[in-house]
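Next come the chains, spelled out residue by residue.
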Amino acid sequence: MRTRSMAALLPHISRPVFRKQSPAAVQVMTDWPDIVGPHLAGMTVPRRLSAGTLTVACRGPVAMELQHLAPTVIARINTTCGQGVVKRLKMVQDLTAAPRAPAAAPRRPPPPPVQIDDMPDGPLKEALSRLGGWLNAGRDR
């Protein structure tokens, strides 16, 4: 058995997936909260990207808000995913449209801050001390 690079295998793996869904559509779906912000992402879900039209499911009266913000949203999508990916938005009412909730990471208590002796007291020293505590905690894992 001979070894092959991941780059040589990737086209064979990704080609069937990208026939169903373009890379730009996948990026729009995964980056939606970053593109539109948490307020709109909480009430909208991108459903389909086809021929430059992005279909977005909306809850409640947010379709009007999204229609008003369409030029800005389209510009942000095209900045993120590539120029000309989305030319227009199509809003559809879907009362069941609920975004996927991100998996909540378990909250750990903050680690003890590190001691910084050669710095004057103040907010910068406190922030660096806390940051040092997190860095030490990451090194211990």
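Scroll up for the structure.
Report on the accompanying structure. Owing to the predicted nature of the structure, the values given are computational and were not obtained by experimental measurement.

1. Considerations on the sheet that holds strand β2 (residues 53–58)
Neighbouring strands of a sheet are bound in pairs by backbone hydrogen bonds; such pairs are parallel or else antiparallel.
Logical step 1: Read from one edge to the other, the open sheet built from three strands follows the order β1-β2-β3, with strand pairing classed as mixed. At either margin of the open sheet sits one strand with a lone partner, and together these are β1 (44–50) and β3 (88–93). Strand-to-strand, the axes of this sheet are offset by a mean angle of 25°, without reference to chain direction.
Logical step 2: Against the sheet, helix α2 (residues 23–36) makes contact with β1 and β2, and its axis sits at roughly 175° relative to β1, the strand it touches most.
Logical step 3: Helix α5 (residues 70–81) contacts β2 and β3 of the sheet and is inclined by roughly 115° relative to β3.

2. As for α5
Logical step 1: Its twelve residues place the ends of α5 16 Å apart at the C-alpha level, agreeing with the 16 Å of an ideal helix rising 1.5 Å per residue.
Logical step 2: Looking only at α5, the buried set comprises Ala 70, Val 73, Ile 74, Ile 77, Asn 78 and Cys 81. Looking straight down α5, one finds that the buried residues subtend no more than 130° of arc, so they occupy a single side. α5 presents Pro 71 and Thr 79 as exposed residues on the side facing more than 90 degrees away from its buried surface.
Logical step 3: For α5, the secondary structure elements touched by its buried residues are α2, β2, α4 (62–68) and β3.
Logical step 4: The first or second residue beyond α5 is Gly 82, which carries a positive phi of 120°.

3. Topic: the pairing of β1
Residues in a regular strand point their side chains to alternate faces of the sheet.
Logical step 1: Relative to β2, β1 runs antiparallel, the two sharing six bridges. Note on β2: the bridge partner recorded for Pro 46 is Val 56.
Logical step 2: The hairpin turn running from β1 into β2, its antiparallel successor, is two residues long, and Ala 51 in that turn takes a positive phi close to 55°.

4. Brief notes about the environment of Gln 115
Logical step 1: Looking at the secondary structure, you find Gln 115 in the loop between β3 and α6 (123–140).
Logical step 2: Exposure remark for Gln 115: the relative accessible area of 66% places this residue in the exposed category.
Logical step 3: Taking the C-alpha atoms as reference points, Gln 115 and Gly 133, separated by 18 residues in sequence, lie 8.9 Å from one another.
Logical step 4: For Gln 115, the side chain forms a polar contact with the side chain of Asp 117, separated by 3.1 Å.

5. Topic: unusual backbone geometry
Logical step 1: One non-glycine residue, Ala 51, lies in the positive phi region at around 55°.
Logical step 2: Looking at the element boundaries, Ala 51 is found in the loop between β1 and β2.
Logical step 3: A relative accessible area of 78% places Ala 51 in the exposed class.

6. Points about the packing of α2 against α5
Logical step 1: Contact geometry for α2 and α5: axes closest at 10 Å, N-to-C directions at 125°. With respect to α5, the axis of α2 lies oblique. As α2 packs across α5, the resulting crossing turns out to be right-handed. Contact residues: Ala 24, Gln 27, Val 28, Asp 31, Trp 32, Asp 34, Ile 35 and Val 36 in α2; Val 73, Arg 76, Ile 77, Thr 80 and Cys 81 in α5.
Logical step 2: Residue classes in the contact of α2 with α5 are distributed as eight nonpolar, two polar and three charged.

Each value, and the rule that gives it
Along each chain, the written sequence defines residue order, and numbers are assigned to residues from 1. Only residues with pLDDT of at least 70 are given local features in this predicted model, and only at 80 or more are side-chain atom pairs given and counted; all residues enter the totals for whole chains, interfaces and linings. Hydrogen atoms and water are omitted, and side-chain values are computed over all heavy atoms in the structure. Note: two strands are recorded as paired if DSSP finds a minimum of 2 bridges between them. Every helix listed is a DSSP run of H or I at least four residues long, and every strand listed is a run of E at least two residues long, numbered separately from the N terminus. Note on method: axes are straight lines fitted to C-alpha atoms, helices fitted across the in-contact stretch only, with angles between N-to-C directions ranging 0 to 180 degrees. Whether two residues touch is decided by their heavy atoms; if any such pair falls within 4.5 Å, the residues are in contact. Any helix carries an expected span of 1.5 Å times its number of residues minus one. With a 1.4 Å probe rolled over the protein chains alone, any residue whose accessible area is under 20% of its type maximum counts as buried; one over 50% counts as exposed, and the rest are partly exposed. Here the arc refers to the set of directions running from the helix axis out to each C-beta atom. Distance and chemistry together define a polar contact, namely a pair of N or O atoms within 3.5 Å, with one atom able to donate a hydrogen and the other to accept it when in protein, and with adjacent residues in sequence counting only for side-chain atoms on both sides. By the definition adopted for this analysis, an angle is roughly parallel if under 35 degrees, roughly antiparallel if over 145, roughly perpendicular if from 65 to 115, and oblique otherwise. What makes a crossing left-handed is the near helix being turned counterclockwise from the far one by less than a right angle; a clockwise turn instead makes it right-handed. As a working rule, the residues Ala, Val, Leu, Ile, Met, Phe, Trp, Tyr, Cys and Pro are called nonpolar, Asp, Glu, Lys and Arg charged, and the rest polar, with Gly in that last group.

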